[in-house]
Amino acid sequence: MKKNFDPKINYQKTKKAVGYVLRKESTQEIYDNIGFMSGLEVHQQLKTKEKLFCHCPAGIYQKKDDYDAEVIRHMRPTLSELGEYDGTALMEFKTKKEIVYRVKNITTCTYEVDDTPPFPIDREALGISIELSLLSKLNIVGEVHITRKQYLDGSIPTGFQRTAIIGVEGEISLKHKKIRLIQLSIEEDSCREVSDIGHIRIFRTDRLGMPLIETVTYPDCVNPDEVKEACDYIRFLNRSTGKVRTGIGAGRQDVNVSCKGGTRVEIKGVSHTKWIPELTHNECFRQWALLQIREILKKRIPDTNQWKINYEYIPFYSFKFKYTPLKQAKQHKHKIIAVNLPYFKGILSHFTQPNKMFADEISDRLKVIACLDKPNMIHSEQFEDVISKNNFEQIKMLLSSKEDDAQLIIWGPEEDMKTAIETIEERCQLAFEGVPNETRKSFEDGTTIFERVLPGADRMYPDTDSPPIPIDNDYIDKLRKNIPQDIITRYHQLKEWKVPEDTYTYIFKKNFFPLIERIINELNINPTFIGTFFGHKLKFVEGHYTPAEEFNYKIIYALFKYLQQKNIDIQLAKLMLPVVYQHPKMDFESILTSINFKKISKKKILSNIPFLKNKFTDIRISDKKKDETDWIMGQIKKIATGNISLNELHSIVENHS
């Protein structure tokens, strides 16, 4: 007698067979065994006054419901010069999406909707992109050629993005290795998505057309932490110029991942670099799991070319479903279809990602391609029964299912059912091949979902509206004089200054190095103290206080200069900083008053030590010299801060007989 199939046990069994381990428990040996390989496409908005190919202002953002007009479009694919369709374009066309653009007059013109030819490329943006290429040790092209990159997901109203390669074949230096760069390109930014429900996708056009650079690396990263380090390095390199935008959405990255025997999968639009390690770890194991699924299916199905699904429309009244989405489907007069997947028993509940199984691969595509909003299906290997086992047995009989088959139930508008059936069959057939080429959307928990088919080379073609732009050597040499130090050079300088390493990310992220260096060189203040002040104290203040207006960090230089001029110990800056940050227009004298600082002579402060030593002797519960010193420091620290170096005071207290 056969044992009942348990999807939960199957999920855990296949997870173990895949060899999945948590990232924090993984080792380089594990990544080498599965062939972890990853590269990056790092996007960064440039801080220019105007957009890339028109004179609309850049950097003005609109709120979700703040717009002057709506433009509605439907995208359709076109043949390439070789007479071929791009796979992504065909997929997007199949979705039958209605694209709605919310337009704000101040940030949009007729160029964005392809009613006006492009203006000449913004020279400010071109100059910044060359500077960043030089900083990345790339070879600058002799001529800039504008090309069009097809986008039919609706993110660009014209259906294509203008882009141009600026530099090729460079490198960045990480702490322990170098990462090769393929190229740096300049391109137009896309629209911001507002919502994507059913067949309607809504975008805002404020970001559209803003200058954006894209730095592309070779797949030289061999573990997840290395990918994050490389991405951070490129982001820090861009920010070091002070000529790029910062904030939410100003920097985004696509991460390309593959495993041994897999294929390049692009995780699109990763918002935070801290997500990268978990995302790349899980994606590599997802591909490894899909390859295992392929091997299982190959053993079961010798001739996969003959494999087909079968399905039946099922009437609601024959089964009396109690599952709420199915009851709602009846109310909306949607169609319900039962689908049989021959030889797929155990595949639907096969592990793919943490808390995800192969069935999710199908459900995700139904959402994107057939526009069936989730929940959009149930299946025979769910952990919890949402319809009765009796109903499933009836459905199996209706489909003439065999023991090794698996079943799905889908529902939705009748006009979407043909696409849904095609999508299910296509995804199952792709399982015979292993890992599909696709782009995936990222989530904070480290998992991903299908977004679209990975675009091919057919979507790139020359832009006949834009002439080539010669780049002469004199112009490059002039720009070369503007580029800052490399990040790795600054890293080694911070190490030499003995600045704590846990401050580096914050310092580079905020591009504080030039200001720190200026304070050290011009005011001759201890480098370790200044680096720690920025990386610890300022970071804490930014996380706990809100400024009355945008804070100008150059005020910190003025603060230390003021303390020097008034002969006040720089330790007082730590007490003053929260007030300075919240009220940047308040003069330093007033700030001293607000924190109750009083100028006291060194002699008077030290005169307290004998009394405090005697008092400690009376109340002591410890005979340790250190405890005595710490207690006395605690008693006089408040009046001493700003009047005497605390290090000097500590030494005096410690050595006082």
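Quick summary incoming for the structure in this document. Per chain, residue numbering runs from 1 following the sequence as it is written. Whole-chain, interface and lining totals are the exception, using all residues; otherwise, since this is a predicted model, local features are given only for residues with pLDDT of at least 70 and side-chain atom pairs are given and counted only at 80 or more. Excluded from the side-chain calculations are hydrogens and water; all other atoms, namely the structure's heavy atoms, are used.

A short note on the environment of Ile60
- Each helix corresponds to a stretch of at least 4 residues labelled H or I by DSSP, and each strand to a stretch of at least 2 residues labelled E; elements are numbered beginning at the N terminus. Note on placement: Ile60 falls in the loop between strand S1 (37-45) and strand S2 (69-73).
- Here's how the labels work: a residue is buried when its accessible area is under 20% of the maximum for its type, exposed when over 50%, partly exposed in between, all with a 1.4 Å probe on protein chains only. Owing to a relative accessible area of 35%, Ile60 belongs among the partly exposed residues under this scheme.
- C-alpha of Ile60 to C-alpha of Gln382: the two residues are 322 residues apart in sequence and 47 Å apart in space.
- Whether two residues touch is decided by their heavy atoms; if any such pair falls within 4.5 Å, the residues are in contact. Residue contacts for Ile60: discarding those within four places in its chain leaves Ile106, Thr107 and Asp206.

Topic: the pattern of salt bridges
- Just to be clear on terms, a salt bridge is a Lys or Arg side-chain nitrogen sitting within 4 Å of an Asp or Glu carboxyl oxygen. On inspection of all chains with the given rule, the structure shows 52 salt bridges.
- Here Arg264 makes a salt bridge to Glu41, at a shortest N to O gap of 3.9 Å. Residue Arg264 is located in the loop between strand S12 (251-258) and strand S13 (265-270), and its partner Glu41 is located in strand S1; the two are separated by 223 residues in the primary sequence.
- For Glu41, a relative accessible area of 11% corresponds to the buried category.
- Each of the salt bridges in this network shares a partner with another, and the network as a whole consists of Glu283, Arg286, Glu361, Arg365, Arg427, Glu438 and Arg440.

Thoughts on the sheet that holds strand S10 (residues 200-204)
- Pairing is mixed across the open sheet formed by four strands, whose spatial order is S2-S3-S10-S9. Each edge of the open sheet is held by one strand with a lone partner, namely S2 and strand S9 (192-197). Adjacent strand axes in the sheet meet at a mean angle of 20° when their direction is disregarded.
- Any two strands are treated as partners once DSSP identifies two or more bridges connecting them. With five bridges connecting them, S2 and strand S3 (residues 98-103) associate as antiparallel partners. Bridge pairing in S3 places Glu70 opposite Arg102. Every axis in this analysis is a line fitted to C-alpha atoms, fitted for helices over the stretch in contact. Angles between the N-to-C directions lie between 0 and 180 degrees.

Topic: the nonpolar core
- The set of buried Ala, Val, Leu, Ile, Met, Phe, Trp, Tyr and Cys residues whose side-chain atoms join them within 4.5 Å is what this entry labels a nonpolar core. Core analysis: the largest hydrophobic core is formed by 139 residues, its most contacted members being Leu341, Phe344, Ile362, Ile519, Phe534 and Phe560.
- Once residues within four sequence positions are removed from consideration, Phe534 is found in contact with Tyr506, Phe512, Leu515, Ile516, Ile519, Lys539 and Ile556.
- Counting residues in each nonpolar core, the second largest holds 16 residues, with Tyr323, Ala329, Ile378 and Ile409 among its members.

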